[in-house]
Structure formats: C-alpha cells, structure tokens
Amino acid sequence: MRNETIDYVVIGSGIAGLRAAIGLSRYGKVLVLTKASVKTGSSIKAQGGIAVVLDENDRFAYHIEDTLKAGAGLCSESRVKILVEEGPARVMELVNWGTHFDIVNGQFLFAMEAAHSKNRIIHAFGDSTGKEVERALIYHIQHDIQNIIVRGNVFCLDLVSKGHTVTGVIAFDEKSKELFQVSAKAVVIATGGSGQIYKDTTNPRVSTGDGISIAFRAGAEIMNMEFIQFHPTALYNPKKRTKFLISEAVRGHGALLRNTNGERFMPNYDQRAELASRDIVARAIFNEMSNTKSDFVYLDISPIALDDFRKSFPTIYKECVDEGVDLKKGLIPVSPSAHFVMGGIAVDENGATSLDNLYAVGESACTGVHGANRLASNSLLECLVFSHRAAESIAKNNKKIISSSSTYIPNFHSPLNNIRELMQQNVGIIRTAHGLNKMLQEIEAAKAEKQTFTDFSKIFHRFEKENMLTLSYLITKSAIVREESRGAHYRLDFPHKDDTTFLKHYIITREKEFWREHNE
Ligand SMILES: Cc1cc2nc3c(=O)[nH]c(=O)nc-3n(C[C@H](O)[C@H](O)[C@H](O)COP(=O)(O)OP(=O)(O)OC[C@H]3O[C@@H](n4cnc5c(N)ncnc54)[C@H](O)[C@@H]3O)c2cc1C
C-alpha cells in the first residue's frame, strides 16, 4: 500500500473541515480528503443561516439561554458559552474572507427562527447561506493559502492507530482505484451527519455517518446518539431520497401549519405555536398526519405576500415551482425528515476525542452545545467556532508524525437490507421499547455474520453499508437505554422527562457502554 506523510489530515470538505484546514494551514501542510466533489455535503444546503449575537438589541445571555432551553437540560453550559461568545469573531472572519451576507444600509439583516427569542440569524442571498460560506472558504483556500491540498473522490475507510494514538488514515482513491495510507501529526474528522440512515432525510447522499463509525472502530467514545433531530418541514415528495428543506425562517416570516383538513393546529400543542422548538413541531405534525391519515400537512404561506416570499426565499421558491407546487394557492405540502444528529464523537472544548491525535469537528462531533435538541442555525456556528479551536489546540500540542505501514484487510458484517425503512419505522420521531428492540434484533442478526472483503473497486458502497449498520446500532442502543422523553428523543412508553435518573449522557465505545454524569 502506498504511504504518504503530511502534517495534518482533515476528513471532509464541509464548512467544519474547510475551517479546520484554514486554521491548521498556519502551522503546517494540510491534506483535506473528501469522498465526493469538494462542495458535496450538508453545508452547501444550509438555508436559514447562522445564529450569532451581532445586533445591538441582542445579548450573549439571551442566545445562551435559548440554546440551553432547546437542549432540554443536556447542553454543556461552558461549551454553549464558548459557542455564543466566540461566534461573532468567527463570523466577522468570514466577512473578511469575502462572504457576502445580506446587508441593508451597512447593517446585517437578522431573521427570526423557531425557539430564538431575538432576530439573530444572518443569511446570504436570502436562503443560500451555506453555499455562500462554502464558496468563500474555497476561494480563500485557493487564492490566499499555500498550505492546503484538497483531494476529491477519496473515501476514508479507517484510522491507523498504535494503541490509543491515532497515526493516520487509510483511504481509497476512486479515480486511480488505489488504496493508500497517510501518516500525520493529527487527524481531524469532519464528515458531517448521518441522516441517510433514515428513509426520509434532508441530508445529502454522502451523509452516512462515516466519521462516527470510523472513530468507533478505532475505539473512540461516541456520545448521545439517541438524539436525532427531525426537521418538521421538508417538502413532501415520496419519490426523492433526499428531501428538500423548507427553512424554519419561512415560519419565522409568518407562514402557518395546517393539517389536510385546513385546520391550524400548532396553538393546540405549544404557546409558541409555529415557532416552538423543532422536536415539538415535528411531533405535532406527525400526530396530525396520523389523525388525518395523511403523509403530509401544509405550510400555509398565504400570510406572506408572494413577491416577498420569492425575494426572501429564492431557492425555496424555485424548488417549489420546479416541483409543481402552485404557490398562488399558498399551500406547500411538508412532512418531517431526519435532519441533524446531536450526538457524535465525544470531544472536549478543543475538539479532542478520547484517542490521542484524533479530533472531530462539525456535525460528526458531539461538542455538547446541542444537548438533546439543536437550536436552529446553531450548527454552522458550531462548525466555525470549534474547528478554529481544534486547529489552535492541535498546533499547540505539536506532536511528531509516527509513520507506520500495515496490510489492511477490513472485516465487514452482513449488510442489513431495508435499513433506512426499518430505522424510520422503529427509531424515528416516536419510539417504543417494542420497535427499538425489534430493530436491535435485526442489527444483531446482521452483525452476527462476518464477511471479509478484498474487492476494493467496490469498496465505497460496501463501506457505507457497514458504516450505516454501525450508526443504526449506536442510535438504537442509546434510544433503548434512555427510558424517558427528552428533546428530540420521544418514547411513547416513557413520555416524560426524568431528571432524577437520566440527566446524563450515554457513551458507547468498541469495548464498553456506560453513562457519564452531566455536571453542568
Ligand atoms: C438541508 C439542510 C439545511 C440546513 N440549514 C442549516 C442552517 O440554515 N443553519 C445551520 O446552522 N445549520 C443548517 N443545517 C445543518 C448544517 O448544514 C450542518 O450541520 C453542517 O453544515 C455540517 O457541516 P460539516 O462540515 O460538519 O458536514 P458536511 O457539510 O456534511 O460535510 C461533510 C463532508 O465530509 C465528507 N465525507 C463524509 N464521509 C467521508 C468519508 N468517509 N471520506 C471522505 N470524506 C467524507 C463529505 O463528502 C463532505 O464533504 C442544515 C442542514 C441541511 C441538510
């Protein structure tokens, strides 16, 4: 196997990976490996924007409070404080690197989103925030920085370790069909989310939770995996694998939810009505869908003038028109879809995992800022703040490269057919012990069968299947042991929050599973 050495390897080219690479480039050479084209990932799909305290009427304390409230008791207060207080500097850095946020008369335009107490969401070109930030980061890397090499169509398969120390990665180059190893001082996992393990998801095809599985196989701690956020309003289209998101900002702008009988229902569920937190809105929609025996509800945009809607949400407007939705009638069919994983690879405040030289940032990491439920538009901020911190911390530690060569023969389990449908049915918005245990049995049956695989030309999809099996195990197992309902995790058989027993985090490693006390 070909062997390379470099100072730092970053896996993934979303906003988290690119921001980490930019930070690291000040201290050494960085190799960014990414499994599809550079711009593929959740980041470029982000519409609503970035939550940040930059308005004179806003306060750090308000943003912190909103984030903690959404997180339902499981956020780390100290990490939330870091997120909110370091956010403005990271956002202004983006502006300096050429990001065009929407500005009027020299002032940011601040939008409102669910569960925020202030208008604090900055955005770009209405609803193309992620695309614009990603563009600016790539431009900055290509024009202002020498030290970063970005290689597309390279699939990272596994980490190379010596005991508890990660020394590099094993990857497969789709173009040359070559397996190779890279040794580095530090490896940063920035592989994004895992929505593709559900049938209905807003996440792109690449979001199969690879980084979380790779870290798990290497022995890292994985935390809070039961908390999967379902976005309440994805455009209903049963034919599409990735559902198109209708941003929360549309409800923030005045749109209402109605069931298929035309009745507005959110005021019956929460006093914040359409602007309640995502878990509450998603469950209410799920409930209305089953009461009306329908696969969707309507987002009624008639309170917004159509011209205003077109100008404020140009991408959403275009997608609805392309999908044949008659916007003059004002009713957009929507249903909830898996959107964001609050859990992930457990990290400290600098992105360090439980393994030496291994860091995780962005959606694949569990920094503790989202707790049991993410506040809208906090994740791009998390990518920026914690990727910067990870880069600085890695540089400070300045470890040596440990080169090693090894033969690599991955072991797989039998793939689980219909895994996405099974996850949706049994480990979805509403969960029961019966469904969860049924799912676990299916997973265990697949895991009982070991397969060795040496046909590397087809390795990409085979690895994704293995990673999805691992993810389904981590989510299902964590959901079984949390016998309460909190944030995005709802158990019909345990419908209440139980702070006495469950104000703690469930951790799974290759060797053991345990609860960690929540101290903040
Ligand atoms: C439709 C949508 C709208 C959203 N809107 C917002 C919003 O308005 N505001 C907000 O804050 N958040 C939003 N989010 C969430 C936010 O976009 C994501 O959480 C964030 O972009 C994650 O960034 P990331 O860099 O961690 O991952 P991603 O951007 O998903 O990037 C992951 C990268 O890793 C690569 N990769 C994956 N596996 C491998 C592998 N095995 N080997 C090599 N490379 C690999 C991928 O190809 C990709 O380049 C939205 C998400 C979606 C899906």
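Just above, that's the structure.
Fair warning: this is a prediction, and the values are worked out from it, not measured in the lab.

**Side note on the site of the ligand**
The environment of the ligand is made up of 39 residues, and the closest members are Ser43, Gly49, Glu363, Ser379 and Leu380. For the ligand, an oxygen atom lies 3.0 Å from a polar atom in the backbone of threonine 40. Within the contact set of the ligand, an oxygen atom lies 2.9 Å away from a backbone nitrogen or oxygen of serine 42. Protein chains shield 98% of the accessible area of the ligand, which is 1,000 Å² for the free molecule.

**Some details on the pattern of salt bridges**
With the rule as written, the count across this model stands at 38 salt bridges. One salt bridge in this structure joins aspartate 210 and lysine 35, with 2.7 Å as the shortest N-O distance. Taken as a pair, aspartate 210 in helix 5 (residues 210-218) and lysine 35 in the loop between strand 3 (30-33) and strand 4 (50-51) lie far apart in primary sequence, 175 residues in all. Exposure class is identical for aspartate 210 and lysine 35. Each is buried. One salt bridge in this structure joins lysine 243 and aspartate 200, with 3.4 Å as the shortest N-O distance. Linking lysine 243 in the loop between strand 14 (228-235) and helix 6 (248-252) with aspartate 200 in the loop between strand 12 (186-189) and helix 5, this pair joins segments that are 43 residues apart in sequence.

**A few points about the packing of helix 12 (residues 433-447) against helix 13 (residues 459-481)**
It is at 10 Å that the axes of helix 12 and helix 13 come closest, and there the two elements cross at 145 degrees. Judged by the sense of rotation from one axis to the other, the crossing of helix 12 with helix 13 is left-handed. Listed contacts from helix 13 to Leu436, Asn437, Met439, Leu440, Ile443, Glu444, Ala446 and Lys447 of helix 12 are Leu469, Ser472, Tyr473, Thr476, Lys477, Ala479 and Ile480. Class assignment of the residues belonging to the contact of helix 12 with helix 13 gives a composition of nine nonpolar, three polar and three charged.

**Details of the environment of asparagine 397**
For asparagine 397, the position within the fold is in helix 10 (residues 379-397). As for asparagine 397 and lysine 185, which are separated by 212 residues in sequence, their C-alpha atoms are 9.5 Å apart.

**Details of the side chain of aspartate 7**
Looking at where aspartate 7 falls in the secondary structure, it is placed in the loop between strand 1 (2-5) and strand 2 (8-11). Of the polar contacts made by the side chain of aspartate 7, one reaches the backbone nitrogen of lysine 29; its length is 2.8 Å. Once residues lying within four places of it in the same chain are set aside, the contact partners of aspartate 7 are Gly28, Lys29, Ala184, Lys185, Ala186 and Ile401.

**Observations concerning unusual backbone geometry**
Located in the positive-phi region is alanine 72, a residue other than glycine, with phi close to 55 degrees. We classify alanine 72 as buried; its relative accessible area is 13%. Non-glycine residue asparagine 398 carries a positive phi angle of around 35 degrees. For asparagine 398, the position within the fold is in the loop between helix 10 and strand 21 (411-413).

**Looking at the packing of helix 1 (residues 15-24) against helix 4 (residues 129-144)**
Between helix 1 and helix 4, the shortest axis-to-axis distance is 10 Å and the interhelical angle comes to 30 degrees. Accordingly, the angle class assigned to the pair helix 1 and helix 4 is roughly parallel. Between helix 1 and helix 4 lies a crossing of left-handed hand. On helix 4, the residues touching Ile15, Leu18, Arg19 and Ile22 of helix 1 are Gly130, Val133, Glu134, Leu137, Ile138, His140 and Ile141. Along the lines of polarity and charge, the residues of the contact of helix 1 with helix 4 split into seven nonpolar, two polar and two charged.

**Comments concerning the sheet that holds strand 13 (residues 222-223)**
Strand order in this open sheet of five strands is 20-18-13-23-24, and the pairing throughout is mixed. The sheet terminates laterally at strand 20 (365-366) and strand 24 (513-517), the two strands that pair on one side only. The pairing of strand 13 with strand 23 (residues 504-508) spans two bridges and is classified as antiparallel. Each residue of the ladder has a partner; that of isoleucine 222, found in strand 23, is isoleucine 508. Lying over the sheet, helix 5 contacts strand 13, strand 18 (344-346) and strand 23, oriented at roughly 40 degrees with respect to strand 18.

**Regarding helix 9 (residues 314-322)**
For helix 9, the set of buried residues is Ile316, Glu319 and Cys320. Seen end-on, helix 9 carries its buried residues on one side only, within an arc spanning 100 degrees. Projecting away from the buried face of helix 9 at angles above 90 degrees are the exposed residues Lys318 and Asp322.

**Digging into the side chain of serine 25**
With respect to the helices and strands, serine 25 occurs in the loop between helix 1 and strand 3. A relative accessible area of 9% places serine 25 in the buried class. Beyond its immediate sequence surroundings of up to four residues, serine 25 is in contact with Val30, Ile145, Asn147 and Ile148.

**Describing the packing of aromatic side chains**
Per the counting criterion, the structure on display carries 13 aromatic pairs. Centre to centre, the rings of phenylalanine 296 and tyrosine 298 are 5.5 Å apart; their planes meet at 65 degrees, and the pair counts as edge-to-face. Residue phenylalanine 296 is classed as buried on the basis of its relative accessible area of 18%. Residue classification places tyrosine 298 among the partly exposed positions, given a relative accessible area of 23%. Centre to centre, the rings of phenylalanine 412 and phenylalanine 463 are 4.8 Å apart; their planes meet at 85 degrees, and the pair counts as edge-to-face. Note that phenylalanine 412 is positioned in strand 21 and phenylalanine 463 in helix 13, a separation of 51 residues in sequence. An identical accessibility class is assigned to phenylalanine 412 and phenylalanine 463; each is buried. An aromatic cluster of at least three residues, connected via ring pairs, comprises Phe155, Phe412, Phe460 and Phe463. In this structure, arginine 2 packs its charged tip against the face of phenylalanine 180, placed 4.8 Å from the ring centre. Seen from the ring of tyrosine 473, lysine 447 lies directly overhead, with NZ or CZ sitting 3.6 Å from the centre.

About the thresholds
- Residues numbered from 1 in each chain as written.
- Predicted model: local features only at pLDDT ≥ 70, side-chain atom pairs only at ≥ 80, totals over all residues.
- Heavy atoms only, no water.
- Near = heavy atom within 4 Å.
- Polar contact = N/O pair within 3.5 Å; in protein donor to acceptor, adjacent residues only side chain to side chain.
- Areas by Shrake-Rupley, 256 points an atom, 1.4 Å probe, with all protein chains shown as cover.
- Salt bridge = Lys/Arg side-chain N within 4 Å of Asp/Glu carboxyl O.
- Helix = DSSP H or I, 4+ residues; strand = E, 2+ residues; numbered from the N terminus.
- Buried < 20%, exposed > 50% of the residue type's maximum accessible area, 1.4 Å probe, protein only.
- Axes fitted to C-alpha atoms, helices over the stretch in contact; angles between N-to-C directions.
- Left-handed = near helix turned anticlockwise from the far one by under 90°.
- Contact = heavy atoms within 4.5 Å.
- Nonpolar A, V, L, I, M, F, W, Y, C, P; charged D, E, K, R; others polar.
- Parallel < 35°, antiparallel > 145°, perpendicular 65-115°, else oblique.
- Pairing = 2+ DSSP bridges.
- Arc of directions from axis to C-beta.
- Phe/Tyr/Trp six-rings, centres within 6.5 Å; stacked < 30°, edge-to-face > 60°.
- Lys NZ or Arg CZ within 6 Å of the ring centre and 35° of its normal.

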